[in-house]
Structure formats: structure tokens, C-alpha cells
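An overview of the molecular structure
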Amino acid sequence: MIHVKHTARSAASALLLLVLAGCGSGGEEAGGALSVDRVVEVADGADADGTDACPLPYDADAAAKAAKLDGDLRPGAAGAEADEPAATAEGGRTTDAQSPWAGKPGALITCSYHLGGEDLKVRTGAVSEGNAVYLQAPVIQAAGGMDFSTLKAYTVKGAGAKAGEAVQSGGGNVVTVRLDSGGKGDLALVLTAGDAGKTSLERGQVLALARAFASQAK
């Protein structure tokens with residue numbers, strides 16, 4: 001489960017992008033360690049209520065150091081949302097047939113962190129067909145505070161990027177990195193800081209964080 005606010009525009013955008021995803025390819029592929037099968041396997045074995053630690057090989061301390069943050073990234077959400085789990089999973093082979101991750105197979109693992117009162121989320125999406133960036137359009141739109149045309153331009157750019165290339169939003173608080181899927185399916189990491197296009201972090205820090213987490217996807 002993913003905790004985001006869905007609007008009518010979000011739903012319309014997601015529908016269009018899902019169609020695009022079904023028609024498009026996954027882009028360039030090469031050998032990599034984190035695979036679609038592995039992400040799906042993690043989702044299959046995840047607790048429905050979430051977990052208190054990220055189940056993927058991400059080192060938040062190392063990422064924070066790489067981004068030169070003043071403070072440590074802590075698991076889970078800040079403030080009023082502090083009771084949310086540190087990690088949740090959606091999809092997998094046993095997912096609800098109505099889920100966009102069904103029938104691919106595919107899955108989405110969301111790992112939550114906070115720095116003081118600032119919430120950050122690292123979402124790792126995997127699909128065996130299509131492009132994993134398009135299927136994250138709703139959360140990209142909500143976190144980035146994007147209108148439809150901005151969302152479309154951003155996701156098209158992110159979906160078409162080479163593996164390892166970081167694509168940052170105009171507002172600076174969203175960064176998408178397609179991951180190396182090893183030639184099978186498609187993987188994409190989306191890091192969001194703050195919400196609705198606003199974050200207390202510098203653009204360079206958000207970009208460095210995303211690159212650091214993506215480099216750990218092994």
C-alpha cells in the first residue's frame with residue numbers, strides 16, 4: 001500500500017501513462033544485480049502491514065553522507081505520520097487483479113525515511129513488461145505537485161533515460177533513476193523529498209541522495 005492523495009487528475013494521468021507503458025519498451029538494458037524477480041519476491045514475502053526496516057539493500061547512512069546532509073536519515077515517517085511503517089510493498093505474484101502491478105508480474109517497494117520533519121521516500125518499482133517509471137506516475141505527480149503536461153513530460157524523459165541516469169523534477173524534490181535490470185523487464189527508483197513540489201533540502205542534495213541509493217541497488 002502507498003499513502004498518497006489521489007485526485008481526478010492523478011487518476012486520468014495514471015490511466016494514460018499505463019496505456020503508454022503497455023505499448024512501450026523498457027529501454028536500454030544491461031547486466032545488473034537487483035532484478036525484477038527479486039523485487040517481486042520481496043513483495044511476495046512482505047507483511048501486509050509493512051515492516052520496520054527497508055527489505056532492499058539500501059544504506060541510508062551512506063546515502064546521507066554522500067548527499068552531505070546535516071543529520072541522519074531515520075526509518076519511517078516524521079510528525080503525525082510517525083506511526084506509518086518504514087517499508088511497504090505492493091504487487092507481487094499474488095497481487096489483486098485490479099492492481100497496475102498485476103499480470104506483469106511486477107511490484108513496488110516503498111522505503112520511508114525522515115530527516116527531522118522532512119519525509120523522504122525511496123520507491124523501487126519492477127515490471128516484467130513495459131516501463132516501471134510510468135507505473136509510478138501517481139506518486140510522482142503528488143510528490144512533485146505537477147500538472148498533467150508537466151507530469152507527462154517528466155515521466156517520458158525518465159522512462160526514456162539510460163540505466164543509471166538521474167532525472168530531476170523542475171521543483172527539485174523528485175528524482176527518477178532507471179536501474180539496471182539485467183536485461184529482463186524494467187526497474188526504476190523514484191526518490192521524493194517533501195511533498196507537492198516543496199522540500200527543505202537543496203536540489204543538489206536530493207539528486208545526490210537518489211544517485212547514492214541507486215548505486216546501492218545490488
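Preceding this section is the structure that the text describes.
Residues numbered from 1 in each chain as written. Predicted model: local features only at pLDDT ≥ 70, side-chain atom pairs only at ≥ 80, totals over all residues. Heavy atoms only, no water.

This next bit is on the pairing of strand β7 (residues 186–193). For β7, the buried fraction is high: eight of the eight residues fall into the buried class. Side chains D186, A188, V190 and T192 project from β7 onto one buried face, and the interleaved L187, L189, L191 and A193 project onto a second face that is buried too. Bridging between strand β4 (residues 118–127) and β7 involves eight bridges; their strand directions are antiparallel. Note that in β7 the partner of A126 across the bridge is L187. By the bridge criterion, six bridges tie strand β6 (residues 174–179) to β7 in an arrangement that is antiparallel. Within β7, the position partnered with V175 by the bridge is L191. Linkage of β6 to β7, two consecutive antiparallel strands, is achieved through a turn of six residues, within which G182 is found at a positive phi near 75°. (Buried < 20%, exposed > 50% of the residue type's maximum accessible area, 1.4 Å probe, protein only. Helix = DSSP H or I, 4+ residues; strand = E, 2+ residues; numbered from the N terminus. Pairing = 2+ DSSP bridges.)

The next thing to look at is helix α5 (residues 148–160). In an α-helix, one full turn covers 3.6 residues, which means residues spaced three or four apart are oriented alike. Counted at 1.5 Å a residue, the expected span for α5 with its 13 residues is 18 Å, and the 18 Å between its end C-alpha atoms agrees. Three or more residues of α5 are buried, namely L151, Y154, T155, G158 and A159. Taken around the axis of α5, the buried residues stretch over an arc of 125°, which confines them to a single face. Looking at α5, the residues exposed on the side facing more than 90 degrees away from the buried face are A153, K157 and G160. (Expected span 1.5 Å × (residues − 1). Arc of directions from axis to C-beta.)

Among the nonpolar cores identified, the biggest contains 40 residues, and Y58, L73, L179, L209 and F213 are the most heavily contacted of them. Every element with two or more residues in this core is listed here: α2 (36–44), α3 (60–66), β3 (106–115), β4, β6, β7 and α6 (203–215). When residues of this core are assigned to their parent elements, the largest contribution, seven residues, is made by α6. Other than its neighbours up to four places away in sequence, L209 contacts A63, A64, A67, L69, L73, L120, L191 and L201. Counting residues in hydrophobic clusters, the runner-up holds 19 residues, among them Y134, I140, L151 and A161. (Core = buried A, V, L, I, M, F, W, Y, C linked by side-chain atoms within 4.5 Å. Contact = heavy atoms within 4.5 Å.)

Here the focus is the packing of aromatic side chains. Under the defined criterion, the tally for this structure stands at two aromatic pairs. Measuring from ring centre to ring centre gives 5.6 Å for Y58 and F213, while their planes differ by 90°; the resulting arrangement is edge-to-face. Of the two residues, Y58 sits in the loop between α2 and α3 while F213 sits in helix α6, which places them 155 residues apart along the sequence. With respect to class, Y58 is no different from F213; both count as buried. Pairwise contacts between aromatic rings join Y58, Y113 and F213 into one cluster. (Phe/Tyr/Trp six-rings, centres within 6.5 Å; stacked < 30°, edge-to-face > 60°.)

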